[in-house]
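Residues per chain are reported as follows:
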Amino acid sequence: VDLKLDRNQKTQLAGLNLQAGNIAISTSRFHAAAEYLQTGISLLSKDSWIQQYDLTIQLYDAALEAYYTAGQFSKFDAAVKQPLTHARCFEDKLNSYHNLVR
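Residues numbered from 1 in each chain as written. Predicted model: local features only at pLDDT ≥ 70, side-chain atom pairs only at ≥ 80, totals over all residues. Heavy atoms only, no water.

A. Highlighting the side chain of Ser48. Of note, Ser48 is situated in helix H3 (residues 48-51). Residue class for Ser48 comes out buried when judged on its relative accessible area of 4%. Not counting the four nearest positions on each side in its chain, Ser48 is found in contact with Tyr53 and Thr56. (Helix = DSSP H or I, 4+ residues; strand = E, 2+ residues; numbered from the N terminus. Buried < 20%, exposed > 50% of the residue type's maximum accessible area, 1.4 Å probe, protein only. Contact = heavy atoms within 4.5 Å.)

B. Just the pattern of salt bridges, in detail. Across all of its chains, the model carries one salt bridge by this definition. Where Asp47 meets Arg7, a salt bridge forms, and the shortest distance between an N and an O atom there is 2.7 Å. With Asp47 in the loop between helix H2 (30-42) and H3 and Arg7 in helix H1 (residues 7-26), this pair connects stretches of sequence that are 40 residues apart. For Arg7, a relative accessible area of 41% gives the class partly exposed. (Salt bridge = Lys/Arg side-chain N within 4 Å of Asp/Glu carboxyl O.)

C. Structural detail: the packing of H1 against H2. At a minimum axis distance of 8 Å, the contact between H1 and H2 shows a crossing angle of 165°. Taken together, the axes of H1 and H2 lie roughly antiparallel to each other. Handedness of the crossing formed by H1 with H2: left-handed. On H2, the residues touching Ala14, Asn17, Leu18, Ala20, Gly21, Ala24 and Ile25 of H1 are Phe30, Ala32, Ala33, Tyr36, Leu37, Thr39 and Gly40. The residue inventory of the contact of H1 with H2, partitioned by class, reads 10 nonpolar, four polar and no charged. (Axes fitted to C-alpha atoms, helices over the stretch in contact; angles between N-to-C directions. Parallel < 35°, antiparallel > 145°, perpendicular 65-115°, else oblique. Left-handed = near helix turned anticlockwise from the far one by under 90°. Nonpolar A, V, L, I, M, F, W, Y, C, P; charged D, E, K, R; others polar.)

D. Just the packing of aromatic side chains, in detail. Within the structure shown, the criterion is met by five aromatic pairs. Between Trp49 and Tyr53, the ring centres sit 5.9 Å apart and the planes meet at 65°, which makes this aromatic pair edge-to-face. On the basis of relative accessibility, which here comes to 10%, the residue Trp49 falls in the buried class. On the accessibility criterion, Tyr53 (6% relative accessible area) is buried. Measuring from centroid to centroid gives 5.6 Å for Tyr68 and Phe73, while their planes differ by 80°, and the two rings are edge-to-face. Using a relative accessible area of 24% as the deciding quantity, one classes Tyr68 as partly exposed. Residue classification places Phe73 among the partly exposed residues on the basis of a relative accessible area of 44%. (Phe/Tyr/Trp six-rings, centres within 6.5 Å; stacked < 30°, edge-to-face > 60°.)

Here is the structure:
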(Lines give C-alpha, C1' and ligand atoms only; values in the text may rest on other atoms or scores of the structure.)
Protein backbone atom coordinates (compact mmCIF):
# COMPACT_ATOMS: atom_id res chain seq x y z
CA VAL A 1 0.00 0.00 0.00
CA ASP A 2 1.43 3.34 -1.05
CA LEU A 3 0.35 5.86 1.56
CA LYS A 4 0.54 9.54 0.72
CA LEU A 5 1.82 10.97 3.98
CA ASP A 6 3.23 14.39 4.62
CA ARG A 7 6.53 14.91 6.41
CA ASN A 8 4.96 15.34 9.86
CA GLN A 9 2.89 12.19 9.48
CA LYS A 10 5.96 10.22 8.40
CA THR A 11 7.87 11.54 11.42
CA GLN A 12 5.05 10.54 13.76
CA LEU A 13 4.82 7.10 12.17
CA ALA A 14 8.60 6.65 12.42
CA GLY A 15 8.33 7.50 16.14
CA LEU A 16 5.59 4.92 16.61
CA ASN A 17 7.75 2.32 14.87
CA LEU A 18 10.58 3.23 17.25
CA GLN A 19 8.28 2.63 20.21
CA ALA A 20 7.07 -0.68 18.78
CA GLY A 21 10.64 -1.73 18.04
CA ASN A 22 11.77 -0.92 21.57
CA ILE A 23 8.88 -2.90 23.03
CA ALA A 24 9.74 -5.83 20.77
CA ILE A 25 13.39 -5.66 21.88
CA SER A 26 12.38 -5.60 25.54
CA THR A 27 10.37 -8.79 25.00
CA SER A 28 13.15 -10.50 23.01
CA ARG A 29 11.26 -10.37 19.71
CA PHE A 30 14.27 -9.22 17.73
CA HIS A 31 13.06 -10.14 14.22
CA ALA A 32 9.85 -8.17 14.78
CA ALA A 33 11.85 -5.30 16.26
CA ALA A 34 14.09 -5.24 13.20
CA GLU A 35 11.04 -4.93 10.94
CA TYR A 36 9.48 -2.11 12.97
CA LEU A 37 12.77 -0.22 13.14
CA GLN A 38 13.54 -0.70 9.44
CA THR A 39 10.10 0.67 8.65
CA GLY A 40 10.78 3.65 10.91
CA ILE A 41 14.11 4.30 9.20
CA SER A 42 12.49 4.09 5.78
CA LEU A 43 10.06 6.84 6.78
CA LEU A 44 12.83 9.31 7.63
CA SER A 45 13.48 12.20 5.29
CA LYS A 46 16.77 12.47 3.42
CA ASP A 47 17.85 15.28 5.76
CA SER A 48 16.80 13.46 8.94
CA TRP A 49 20.32 13.63 10.40
CA ILE A 50 19.84 17.41 10.42
CA GLN A 51 16.10 17.93 10.85
CA GLN A 52 15.18 14.90 13.02
CA TYR A 53 18.48 14.06 14.65
CA ASP A 54 17.21 12.59 17.94
CA LEU A 55 14.66 10.33 16.27
CA THR A 56 17.19 9.26 13.64
CA ILE A 57 19.94 8.30 16.10
CA GLN A 58 17.44 6.46 18.31
CA LEU A 59 16.08 4.47 15.36
CA TYR A 60 19.54 3.49 14.19
CA ASP A 61 20.75 2.58 17.70
CA ALA A 62 17.75 0.33 18.30
CA ALA A 63 17.91 -1.13 14.79
CA LEU A 64 21.59 -2.05 15.19
CA GLU A 65 20.80 -3.94 18.38
CA ALA A 66 17.88 -5.73 16.75
CA TYR A 67 19.79 -6.60 13.57
CA TYR A 68 22.77 -7.93 15.50
CA THR A 69 20.72 -9.97 17.95
CA ALA A 70 18.48 -11.34 15.19
CA GLY A 71 21.53 -12.37 13.17
CA GLN A 72 20.69 -10.01 10.31
CA PHE A 73 24.31 -9.12 9.70
CA SER A 74 23.95 -7.77 6.16
CA LYS A 75 21.38 -5.24 7.40
CA PHE A 76 23.61 -4.49 10.38
CA ASP A 77 26.63 -3.85 8.13
CA ALA A 78 24.64 -1.50 5.92
CA ALA A 79 23.04 0.41 8.80
CA VAL A 80 26.09 0.83 11.08
CA LYS A 81 27.73 3.17 8.58
CA GLN A 82 25.01 5.79 9.00
CA PRO A 83 25.54 6.75 12.66
CA LEU A 84 29.30 6.43 12.32
CA THR A 85 29.17 8.93 9.46
CA HIS A 86 26.47 11.31 10.66
CA ALA A 87 26.43 11.27 14.47
CA ARG A 88 27.29 14.66 15.94
CA CYS A 89 29.53 13.47 18.73
CA PHE A 90 31.49 10.48 19.94
CA GLU A 91 28.88 9.63 22.58
CA ASP A 92 26.27 9.23 19.86
CA LYS A 93 28.58 6.79 18.04
CA LEU A 94 29.22 4.61 21.11
CA ASN A 95 26.32 2.24 20.52
CA SER A 96 27.52 1.63 16.98
CA TYR A 97 31.06 0.93 18.15
CA HIS A 98 29.74 -1.33 20.94
CA ASN A 99 27.79 -3.39 18.42
CA LEU A 100 30.78 -3.60 16.09
CA VAL A 101 33.02 -5.17 18.74
CA ARG A 102 30.50 -7.68 20.08
